Amino acid sequence: MGAGHGHVLYRESDSPVHRLPPEVKIVAMVVFTIAVVATPRTAFWAFGAYAVLVTAVAALARVGPRWLLSRALIELPFVLFAVALPFLGTGERVDVWGLRLSEDGLHGAWNILAKGTLGVLVSLLLAATTTTRDLIVGLDRLHCPQVLTQIATFMLRYLDVLVGEAKRMRVARISRGDDPRFLWQLRGFAAGIGALFLRAFERGERVYLAMLSRGYTGRMPAVWQGEGAATAGQWLVAATVPVLAASIAATAVVLS
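Residues numbered from 1 in each chain as written. Predicted model: local features only at pLDDT ≥ 70, side-chain atom pairs only at ≥ 80, totals over all residues. Heavy atoms only, no water.

What follows covers the confidence of the model for the protein chain. Overall, the predicted model of the protein chain reaches an average pLDDT of 83, with 89% of residues at or above 70. The low-confidence segment residues 1-5 (pLDDT under 50) makes 12 contacts with residues lying over four places distant or belonging to another chain. (pLDDT = per-residue confidence, 0-100. Contact = heavy atoms within 4.5 Å.)

Here it is, written out as structure tokens:
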């Protein structure tokens with residue numbers, strides 16, 4: 001873990017957002033998301049203001065719109081569901097481009113699209129500017145339950161090992177005449193998954209015993225977290241976006 005682990009969404013850069021401690025970015029993302037969710041769906045201007053904030057942070061983090069939009073396609077299933085709502089919704093009908101659509105369905109579709117898209121974009125910005133290891137460190141500094149952070153730590157540490165072992169097992173199966181493309185080979189695939197689980201469990205036991213023999217007490221040592229906990233000034237800087245978002249949400253609620 002000392003060398004750090006990257007992930008496919010992380011973008012190496014030296015931007016001001018990258019340099020912020022992970023805990024302040026996590027809190028900022030959560031508060032921003034809560035503000036977006038709390039905004040009435042009819043406050044269209046508020047969602048435009050949120051989009052401006054996200055765009056400003058993306059520019060500051062040097063994350064291009066093409067990169068963001070291409071990764072945001074992960075919400076496509078929700079988009080398809082939202083598109084169906086105006087046709088399937090009940091209540092008063094309105095004419096839109098010659099189609100009789102449900103007014104409640106239109107509002108519901110807009111609510112899903114606007115809030116879902118903003119949530120996905122801000123999550124992508126967090127992932128693009130924070131390594132996986134730093135995310136876990138940030139959660140630990142925020143006093144997230146130790147069980148969760150340590151499970152995530154070990155999963156991150158040994159994920160590559162398990163993936164490599166699974167690939168070797170697959171090569172061994174194919175070299176013995178197994179063809180995973182055919183349905184009747186499913187039994188061999190299931191047996192391989194079971195064997196991989198047993199190997200992972202046994203490795204976990206050995207690692208745990210080795211850690212106990214080296215003084216492990218149920219919490220990762222402080223040296224693992226490294227230095228660089230957020231200062232008061234960094235908290236104030238990171239609070240700019242969530243405070244603005246909360247103000248927008250409060251204004252939208254009052255005006256609605």
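What follows continues from the structure just given.
Looking now at the pattern of salt bridges. All chains considered together, the criterion is met by five salt bridges. Note that D14 is salt-bridged to R19, the shortest N-O span being 3.4 Å. Because the salt bridges share partners, they merge into one network encompassing E165, R199 and R203. (Salt bridge = Lys/Arg side-chain N within 4 Å of Asp/Glu carboxyl O.)

With that out of the way, let us pick up the packing of helix α3 (residues 44-61) against helix α12 (residues 240-255). Put simply, α3 and α12 touch, their axes get as near as 10 Å, and they point 175° apart. By the angle class used here, α3 and α12 are roughly antiparallel. Each of W45, A46, A49, Y50, L53 and V57 in α3 lies in contact with α12, whose residues at this interface are V241, L244, A245, I248, A249, T251, A252 and L255. Of the residues assigned to the contact of α3 with α12, the class counts are 13 nonpolar, one polar and no charged. (Axes fitted to C-alpha atoms, helices over the stretch in contact; angles between N-to-C directions. Helix = DSSP H or I, 4+ residues; strand = E, 2+ residues; numbered from the N terminus. Parallel < 35°, antiparallel > 145°, perpendicular 65-115°, else oblique. Nonpolar A, V, L, I, M, F, W, Y, C, P; charged D, E, K, R; others polar.)

Let us now look at unusual backbone geometry. If a residue is not glycine, its phi is most likely negative; likewise, a peptide bond is most likely trans. Unlike most non-glycine residues, R62 shows phi in positive territory, near 60°. Secondary-structure assignment places R62 in the loop between α3 and α4 (65-71). Assessed through its relative accessible area of 52%, R62 is described here as exposed. Phi at H143 takes a positive value of approximately 65°, unusual for a residue other than glycine. Along the chain, H143 falls in the loop between α7 (132-141) and α8 (146-175). (Buried < 20%, exposed > 50% of the residue type's maximum accessible area, 1.4 Å probe, protein only.)

Attention now moves to α3. Taking 1.5 Å of rise per residue, 18 residues should cover 26 Å, and α3 covers 26 Å from first to last C-alpha, within 8% of that figure. For α3, the full list of buried residues reads A46, F47, Y50, L53, V54, A58 and A61. Buried residues in α3, looked at end-on, bunch into an arc of 135°, giving them a common side. For α3, the exposed residues lying more than 90 degrees away from the buried face are V52, T55 and A59. (Expected span 1.5 Å × (residues − 1). Arc of directions from axis to C-beta.)

Now for a nonpolar patch on the surface. Together, V83, F87, L88 and L99 give the surface a local cluster of nonpolar side chains, amounting to about 410 Å² of exposed area. Assignment of secondary structure puts L99 in strand β2 (residues 99-102). The partly exposed category is assigned to L99, whose relative accessible area is 42%. (Patch = residues over 30% accessible without salt bridge, like charges linked within 9 Å, V, L, I, M, F, W, Y side chains within 5 Å. Areas by Shrake-Rupley, 256 points an atom, 1.4 Å probe, with all protein chains shown as cover.)

This brings us to the pairing of strand β1 (residues 93-96). In this structure, β1 lies alongside β2, joined through four bridges in antiparallel fashion. If you follow V96 over to β2, its bridge partner there is L99. In this antiparallel pair of consecutive strands, β1 and β2, the connection spans two residues, and W97 shows a positive phi of 55°. (Pairing = 2+ DSSP bridges.)

Attention shifts here to the nonpolar core. Core analysis: the largest hydrophobic core is formed by 31 residues, its most contacted members being F32, Y50, V63 and L68. Those elements giving two or more residues to this core turn out to be α2 (22-38), α3, α4, α6 (103-129) and α12. With nine residues, the single largest contributor to this core is α6. In this view, V63 contacts R11, A58, L68, L125 and A128; residues no more than four positions away in its chain are not counted. (Core = buried A, V, L, I, M, F, W, Y, C linked by side-chain atoms within 4.5 Å.)

Direction vectors running N to C along α8 and helix α9 (residues 186-213) enclose 145°, while the axes themselves pass 10 Å from each other. Two packed elements cross with a definite hand, and for α8 against α9 that hand is right-handed. Within the contact between the two elements, α8 uses F154, Y158, V161, L162, E165, A166, M169 and R173 and α9 uses G188, F189, G192, A195, L196, R199, A200, R203, V207 and M211. (Left-handed = near helix turned anticlockwise from the far one by under 90°.)

Here we take up the packing of aromatic side chains. Per the counting criterion, the structure on display carries five aromatic pairs. Both rings, one in F47 and one in Y50, keep their centres 6.1 Å apart while their planes meet at 75°; by these two values the pair is edge-to-face. Of this pair, F47 and Y50 both sit in helix α3, three residues apart, which is roughly one turn of that helix. Here F47 and Y50 have matching classes, each one buried. Counting every residue linked through ring pairs, the aromatic cluster contains F32, F44, F47, Y50 and W110. (Phe/Tyr/Trp six-rings, centres within 6.5 Å; stacked < 30°, edge-to-face > 60°.)

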